Structures are given as C-alpha cells and as structure tokens.
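# A closer look at the structure
Here is what each chain is made of, one letter per residue.
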Amino acid sequence: MERTYKITAKELRSMWLRFFESKNHAIIKNSSVVPQDDPTVLFTTAGMQPLVPYLLGEKHPQGTRLANVQTCIRTGDIDDIGDKTHCTGFEMLGSWSLGDYFKKEAIAFSFEFLTSPQWLNIPLENLAFTVFEGNADAPRDEVAATAWRSHGVKDDQLFYLPKKENWWGLETGGPCGPCSEMFIVKKPRCSAKCTPACDCGAYVEIWNDVFMEYNKTPNGLVPLEKPNIDTGMGLERALIAINGLNSVYEIDTFQNALHSLSDAVAIANEEMFRTSPEQTQLFQMRFIKQSRIILDHIRASCLIMGDMVKTVPSNSGRGYVLRRLIRRALVQARALKISPDVLLVLAGKFIEEYQDSHPHIKENRGFILIELEKEFSKFSKTLEQGVREFEKLISKKKQISGVDAFRLFDTFGFPIEITKEMARERGIEVDEQGFNVAFEEHRKKSQTANAGVNAGGMAGNDPKITNLHTATHLLLAALNKVLGKGIEQRGSNITAERLRFDFSFDRKLEKEELDKIEKLVNEQIKKGLKISFKEMTVKEAKAKGAIGIFGDKYGEIVKVYSMGDFSMELCGGPHAQNTKDLGTFKIQKEEASSSGVRRIKATLE
Ligand code: SER
C-alpha cells in the first residue's frame, strides 16, 4: 500500500532552501563527505563542519548569511543501527549567520519556518522548546527564552536544560555555544518531571539553533570576536517528526528499496513461510533489525561512494569504514537467505532516489555498483572461511566461548547475532557475556588507537597544520610539474606532525622523481612566495587553470589560493601567509594507497 506523506524529503529540502533564500541567505553547495581541509575526522559528521574556518572568523566568499543541505556520515554508533532513529548517512539542513544576525532573529526565523501556513504550518501547541539553563561557562539563556515567549510560546512549552542537552560543538573542539532545540510533541508527557530530554518518546527533536559564541581550544573556551548562528535540522529526523512516523525506515526515500528487499526475502523464504509458522514468527522478529541494517548500510555506502571524492573499500581509514558497512550488510543478507545481487538492486534504488539531490551519485553509478560487486565477491570468500571456522569450533566443543565468538566477529566479520543464529540452529550455546567483555576491551583499545585522528585541534587553529596544508598545495603543483599534468587529489590528511596526500597515478614513483618533487617544493619555500586568495566563479577558476576539487555549481563563487605562479588551487583555506614560514619539506614515504592511487607522507622540519 502506498503511504501518503505530509511532506517528502525532496519537498522539505526545497522548502528549507526557499525559506532561507527569501531571508537573503546564499545557498552554498553540499561539501564532500570526505573533509578536505580538516584532518581531524574521517567523515563530515555535521553540517557546520566544512564551515569551521568561517565560523572562526574567516570571510566566506558567499557572504554572511548561508544555507545548504549537507550529506553527513556518522559511524560512531554503528551498533545502534537497526533502532528507529539512528542512520549512518543523513542529510543536515543547515543555516548560518557569520557574525550577521544573532539569537533574536535566528529564533524569529525558526518560529516562522515551523509555524507559518506558508511553510511547515505546525500548530504552536504541538511544539516545545528548550534553552540553556546556565553554568560556570555561560549564563542561563534568558535572551533565547524571552525571544521564544515573544512569539507566544507558553511557559509549559519552554524548558531550561543543562549543558548535556543544550550546548553544541564538535567533539574535537572549535566553534561552540549554548543552543536551543525545537521539538514536536508526539504524545502526553510520561510524568510531571518529563522534559524533551526524556526518552519516553513524548517529544521528537526537529531543529537545533546553536548560538556560537566561543571557540573551544585546548586551553579552554575563548569568546569569538563575532558570534555566529549555526542551525541544523536533520532531514530524516524532521521527516519522522512532521509526518508522525515511527521510524526513519518509514520515510519516503527508503520505500522503494524496502519493497524490493521485502519481495526478495519473501521469495527466498517462501517455503519456510508456507510450512513453518513457528520458524516464520522467529524469522519475522529478527527481520526488522536485519533489514534495517541492510537498508542503512547500503544507503550509506551509496552516499559515501556517490561523492565528489571517490572512496573505495580498503583496510584503513574511511575505506575500512566503507568495507565494514558493506560486509555487515552482506552478513545480514546471508541470514535473510537473499543473494548479494539483491543488495545491488537496493543500491540501484538508492542511486535512483538520490540522483536529483546528489549529482555525484548519478555520475558515479557505475563506480558504485562495480565496487560493491568486487567487495561482495571478496567477502563471500572470507565468509566461507568464517563458516568453516565455525564448523571446526563446534566439532570440538558444545559451547562457543566469548573469545571464540569475538574472534569470529573480529576476523571473519560475523556479528554476534549470526554466531548465535548458527549456534541455535545446531542447539549449541554461545557465551554472549564473554563476547561482550572481549568486545568492550577491543572497543577501548580501538578508541585509544583512533584518538590520533581526533587529536591536534581543529584545522585552522594550529600553525603546524596550516603550514602542512600550504605544503600540500605546493606538493600537488610539484607533482603536476614533474609527473605531467592531470594529477588529481584523491585524499588529504594532516596531523601536527605530517601531511599525507593521496593522488591519482598508476605506478610507483622513481627515486629521482621524488627527489625532483622535494627539491621543487623547497625551492618555492625559499623563494618566499606570498600566499593570497581571490574569489571568483567556478567558471573563471577553471578558465584560469586552477586545480582542485570543484563543486557542483558552475556559477558558484569559490576561493582560489595562489602561491606565486607555482600553484593555483581551489580551497577554503586557511593557509600560511608566505611560503618562507614553512621550513624544509621532506618526503618520508611513497607507497600505493589503492589501485591507481599513490600516497606520499611528508614533513616540514
Ligand atoms: N551543528 C548543529 C547540529 O549538528 C546545528 O547545525 O546539531
């Protein structure tokens, strides 16, 4: 049966942009899900992330009022996937004031968009609002509370909540401040103490206005020269709230894939459904979570690969995250007795679903399907090994220990559910408690290992990072001069210690070539080239021969950084002022990154 929606994803995206356009906001492009100038994270996890330099005071080429729709990837809570609201990939509807208007105006915009018959038209009595209750860092937010009240918000709709609920910033630091959240009231409160922070389901979050007044640095909070507004409405969550849905899998963008999946599962299990009501009941209970994992992971994989930066499955960094998503989906497919081909059909449905809003998904269609297929065939071999390993284990013991279950998970990618399921079929027990202990230990270890990714402060705060970023531009220009034109950036990661640059090239570099590149970069450093940027349209930038990752809109204004006549590259900044500040450039390593992509690690000494 076809569902009907008050509003679809397409309509909400477009309404958001039209509203902010009518309030003189420039519409900026969706940035890559791979952060370009921020080495501190693997993926873009928040709509404001690509804007950090501007939120810290740098001038944005498109002005002081901005809005967009940004694709984000969050893999922190991958184990929550399968519940009603967590999504690995999601879209953030964002709006910003860069030192332009502040709290009162931001709240007026939010109120109008939510309640006006011209826009979302939600009755005021169905809404609730939260503001920051205050602490030692910042005062109780009476300004925001007064602003909400001025629009008719009643005291019983307005809640003062602590920092845990009403303060926003990236975990890695950078711009932050108190926030005010908006909720749709779904059902009566569970008790007199119930607030929008309660998880009883009475309130569903729809929008967050962040009043960015501080920069969080390793030395504490530093007030920003000009405060900013950063607002974000998670598209999927908002669609649940506005349409009164129960889960994210009920929103329109999931429906075509969900139908294909359900049909395939029904065909594959037809005999069991017909002959065994008991088994069918058990199967159906598990189906909900398993199908959600498949849908979420395949959709997220399509969003990751359908990007201007082409990530491929691999054994490290974001490639590994992608590999894990694909493999987890495959394991669930196996449990549902459907073939990997069905997952390709689902990917096709998502590509179709997103082709208008995400032009790179359409462009990368072939690439996505081929990479998925390659990963499927690699993994089916591993999976067979895993099944053999499982059979070996149970041939010796009548119980699977926590350590063994964890080894199946860690080495062969078997989630505990699959181990449990295979064990149940054979009447064998699994020490789940022991598995959880081993899993926790592993998580702690990998958190420590990942901490490096999050260390080093936000891009733009640390001159070591800024200098390495400038050196990265010199390196790309030098690569193009030594190896021939057409070398493109495939990835960039900078820590305070080193730069790591991935680029398109299909063979190992000779020692002489590396020497030449290093020398060329050092010559530019010695020349003391002034670094400057100009704003121009994408069309002009291309005509001038600038290199870099170009966005989607040809007429859009971009920043082009020049270093003498040596380098001209599209980039958001920030950079050093003069190449002489850089020190001595040294290539530490050249190696393969993935097929057709080489990687250089280099330092400044
Ligand atoms: N950055 C805030 C959030 O992600 C508002 O956009 O909630």
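Residues numbered from 1 in each chain as written. Predicted model: local features only at pLDDT ≥ 70, side-chain atom pairs only at ≥ 80, totals over all residues. Heavy atoms only, no water.

## As for the packing of helix α1 (residues 9–22) against helix α3 (residues 103–115)
Between α1 and α3, the least distance of the axes is 11 Å, while the angle of their chain directions is 140 degrees. In terms of their interaxial angle, α1 and α3 are classed as oblique. Every pair of crossing elements has a handedness; the one defined by α1 and α3 is right-handed. Between α1 and α3, the residues in contact are Leu12, Met15, Trp16, Phe19 and Phe20 and Phe109, Glu112 and Phe113, respectively. Here the residues of the contact of α1 with α3 sort into seven nonpolar, no polar and one charged. (Axes fitted to C-alpha atoms, helices over the stretch in contact; angles between N-to-C directions. Helix = DSSP H or I, 4+ residues; strand = E, 2+ residues; numbered from the N terminus. Parallel < 35°, antiparallel > 145°, perpendicular 65-115°, else oblique. Left-handed = near helix turned anticlockwise from the far one by under 90°. Contact = heavy atoms within 4.5 Å. Nonpolar A, V, L, I, M, F, W, Y, C, P; charged D, E, K, R; others polar.)

## Observations regarding the side chain of Asp141
Here Asp141 lies in the loop between β4 (127–132) and α4 (142–150). For Asp141, a relative accessible area of 4% puts it in the buried group. Within polar-contact distance, the side chain of Asp141 engages the side chain of Lys103 at 2.8 Å. (Buried < 20%, exposed > 50% of the residue type's maximum accessible area, 1.4 Å probe, protein only. Polar contact = N/O pair within 3.5 Å; in protein donor to acceptor, adjacent residues only side chain to side chain.)

## Notes on the site of the ligand
Close to the ligand lie Met48, Met92, Trp168, Asn208, Val210, Asp230, Thr231 and Gly232. Bound to the protein, the ligand loses 94% of the 230 Å² it would expose on its own. Elements represented by at least two residues in the shell around the ligand include exactly β8 (203–217) and β9 (220–234). Of the residues assigned to the shell around the ligand, the class counts are four nonpolar, three polar and one charged. (Near = heavy atom within 4 Å. Areas by Shrake-Rupley, 256 points an atom, 1.4 Å probe, with all protein chains shown as cover.)

## Regarding the nonpolar core
Judged by nonpolar contacts, the single largest core of 125 residues is most densely connected at Leu12, Phe113, Leu120 and Met233. Residues contacting Leu12, with those up to four places away along its chain left out, are Ile7, Leu93, Phe113, Leu120, Met233, Leu235, Ala238, Leu239 and Ile242. Core analysis: the second largest hydrophobic core is formed by 34 residues, Phe503, Phe505, Val521 and Phe566 among them. (Core = buried A, V, L, I, M, F, W, Y, C linked by side-chain atoms within 4.5 Å.)

## Section: the environment of Asp565
Structurally, the position occupied by Asp565 is in the loop between β15 (557–563) and β16 (567–570). Along the chain, Asp565 and Ser357 lie 208 residues apart, while their C-alpha atoms are 37 Å from each other.

## Structural notes on the layout of surface pockets
Quantified by volume, the second largest pocket comes out at close to 630 Å³. Taken together, 33 residues form the lining of the second largest pocket, with Arg13, Asp356, Ser357, His358 and Pro359 sitting closest to its centre. (1 Å grid on protein atoms, 1.4 Å probe; cavity = no way out; pocket = protein on both sides within 12 Å on 5 of 7 lines; lining within 4 Å. Points joined across faces, edges and corners; volume = space filled by probe spheres on them.)

Geometry only, nothing functional implied.
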